[in-house]
Amino acid sequence: MRPIQMVDLKTEYQRLKTDIDTAVINVIDSAAFINGKPVQEFSKALSSYLDVKHVIPCANGTDALQIAMMALGLKPGDEVITPSFTYIATTEVVALLNLKPVFVEVDKQTFNIDVESLRKAITPKTKAIVPVHLYGQTCDMEAVMQVAKEYNLAVIEDNAQSIGGDYYFSDGSVKKAGTIGTIGTTSFYPAKNLGAYGDGGAIFTNDDALAQRIMMTANHGQSKRYYHDVVGCNSRLDTIQAAILNIRLQHLDANINARIKVADFYDAAFKGHAIIQSPFRAKNNRHVFHQYTLILNSDKIGLRDGLSAYLSEKKIPNMIYYPVPGHRQKMFESFGTKGVDLPVTDWLTERVISLPIHPEMDNEQLEFITENVLGYFK
Ligand SMILES: *Cc1c(COP(=O)(O)O)cnc(C)c1O
């Protein structure tokens, strides 16, 4: 059996080697390392894939979130509502910009922002909502957009984990994850579904004026060369990374389908189990399985960490995304998070475990993983 990995970028590279090597060498030959042609080509290709008017590339997914918030003109003290159950980047940039992160619950089944909890957290100071499409599943965007409309709030979709996801509206229309709110952001961190061979990120919007401000913000607040109208930052997608992403984008849908097949295999193996709960797939979207995250539905102390150690011993990689939710991070104590009570988030934090999922997995590996996961409970 081939060794099992959480993600297997090496095997995919072997398949794409000729194309990738050529693309990288072409960039080096051209010596256009900054804002070379592949950068514009990639932003065009991605905007057509996502069916969104503007794709502004940047240096990473964290910058993408920061630039989005800067371009919206949020002011110190403005409140930004985000789920506590997410990667730190989502909320860290809120604090970095002297905005106030307000943590809310996620749904116990989808791991995504709970709309009732969101409604309750709104105050006159609330300016934006950051729904996170966690693990590959799109949030209940129709409900989120309804709330945003009622209270006139900006919506920044953190789509680092769900690029390529489809959201189905109740009227039958379909939109790509990240293109529904005011702004969408993503990350091309190598392990993401659309990963570069280094860092990268992008920001999406259908709003022309906002796209202009996003571009300016990412480029030192510059309106024309050496004229700087607003305080911005320097955040660019490297040309070599863009050239690689141009190739990997062509394989994104095939990779998503391969991920869904892995998820189907796991689902079938764990079906009906008393404790192992497979990820719930809401009918309103196509889950793109950035992660395959189980809930161990039991109150037995140490069960999840026990499974994690057991699998590691068998050389089956596994991860806890994420062991500490935002409202329990020291970083945010000065924002008065100590009294915040999010029981669903805490419940999930103690019970989730993610198994390997990527397009290169074979049945032998999957059988080995499922047998061992099931074996632990016997
Ligand atoms: C990966 C990730 C980010 C940050 O992306 P980087 O490119 O690593 O800066 C932000 N939000 C979520 C949910 C992520 O998974």
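See the structure above.
Residues numbered from 1 in each chain as written. Predicted model: local features only at pLDDT ≥ 70, side-chain atom pairs only at ≥ 80, totals over all residues. Heavy atoms only, no water.

Caption draft 1: Representation of the environment of Met-216 in the model. With respect to the helices and strands, Met-216 occurs in helix α7 (residues 208-218). Taking the relative accessible area as the measure of exposure, Met-216 reaches 18% and is therefore buried. Along the chain, Met-216 and Ile-34 lie 182 residues apart, while their C-alpha atoms are 16 Å from each other. Sequence-distant contacts of Met-216, defined by excluding residues within four places in its chain, comprise Gly-221, Gln-222, Ser-223, Asp-229 and Val-230. (Helix = DSSP H or I, 4+ residues; strand = E, 2+ residues; numbered from the N terminus. Buried < 20%, exposed > 50% of the residue type's maximum accessible area, 1.4 Å probe, protein only. Contact = heavy atoms within 4.5 Å.)

Caption draft 2: Region of the structure containing the pattern of salt bridges. Taken as a whole and judged by the stated rule, the model has 17 salt bridges. Its salt-bridge partner being Asp-299, residue Arg-351 comes within 2.6 Å of it at the nearest N-O pair. Here the residue Arg-351 occupies a position in the loop between α11 (343-349) and β15 (352-355), and Asp-299 occupies one in the loop between β14 (292-296) and α10 (303-313), the gap between them amounting to 52 residues. Arg-351 sits in the buried class, given a relative accessible area of 9%. By relative accessible area, which is 62% here, Asp-299 ends up exposed. Among the charged side chains, a salt-bridge network with shared partners connects Asp-166, Lys-176, Asp-253 and Arg-286. (Salt bridge = Lys/Arg side-chain N within 4 Å of Asp/Glu carboxyl O.)

Caption draft 3: Looking closely at empty space enclosed by the protein. As enumerated under the stated definition, the model contains one cavity of 30 Å³ or more in all. Of the volumes computed, that of the largest cavity is approximately 110 Å³. Around the largest cavity sit 14 residues that line it, and Leu-9, Arg-248, Arg-259, His-358 and Pro-359 are the ones nearest its centre. Looking at the lining of the largest cavity, the elements that each hand over two or more residues are α1 (9-30) and α9 (252-270). Along the lines of polarity and charge, the residues of the lining of the largest cavity split into five nonpolar, three polar and six charged. A domain-level breakdown of the lining of the largest cavity finds at least three residues from each of domain 1 (9-249) and domain 2 (253-376). (1 Å grid on protein atoms, 1.4 Å probe; cavity = no way out; pocket = protein on both sides within 12 Å on 5 of 7 lines; lining within 4 Å. Points joined across faces, edges and corners; volume = space filled by probe spheres on them. Nonpolar A, V, L, I, M, F, W, Y, C, P; charged D, E, K, R; others polar. Domains from an automatic or database assignment.)

Caption draft 4: How the structure looks around unusual backbone geometry. Of the consecutive residues Tyr-321 and Tyr-322, the connecting peptide bond is found in the cis state with omega at 5°. Although it is not a glycine, His-220 adopts a positive phi angle of roughly 55°. Topologically, His-220 is positioned in the loop between α7 and β10 (222-224).

Caption draft 5: Main features of the sheet that holds strand β13 (residues 285-286). Ordered by their spatial adjacency, three strands build an open sheet running β7-β6-β13, and the pairing between neighbours is antiparallel. The two strands at the open ends of the sheet, each matched to only one other strand, are β7 (174-176) and β13. The sheet contact formed by strand β6 (residues 166-168) and β13 spans two bridges and is antiparallel. Looking at β13, one finds that Tyr-167 is bridged to Asn-285. (Pairing = 2+ DSSP bridges.)

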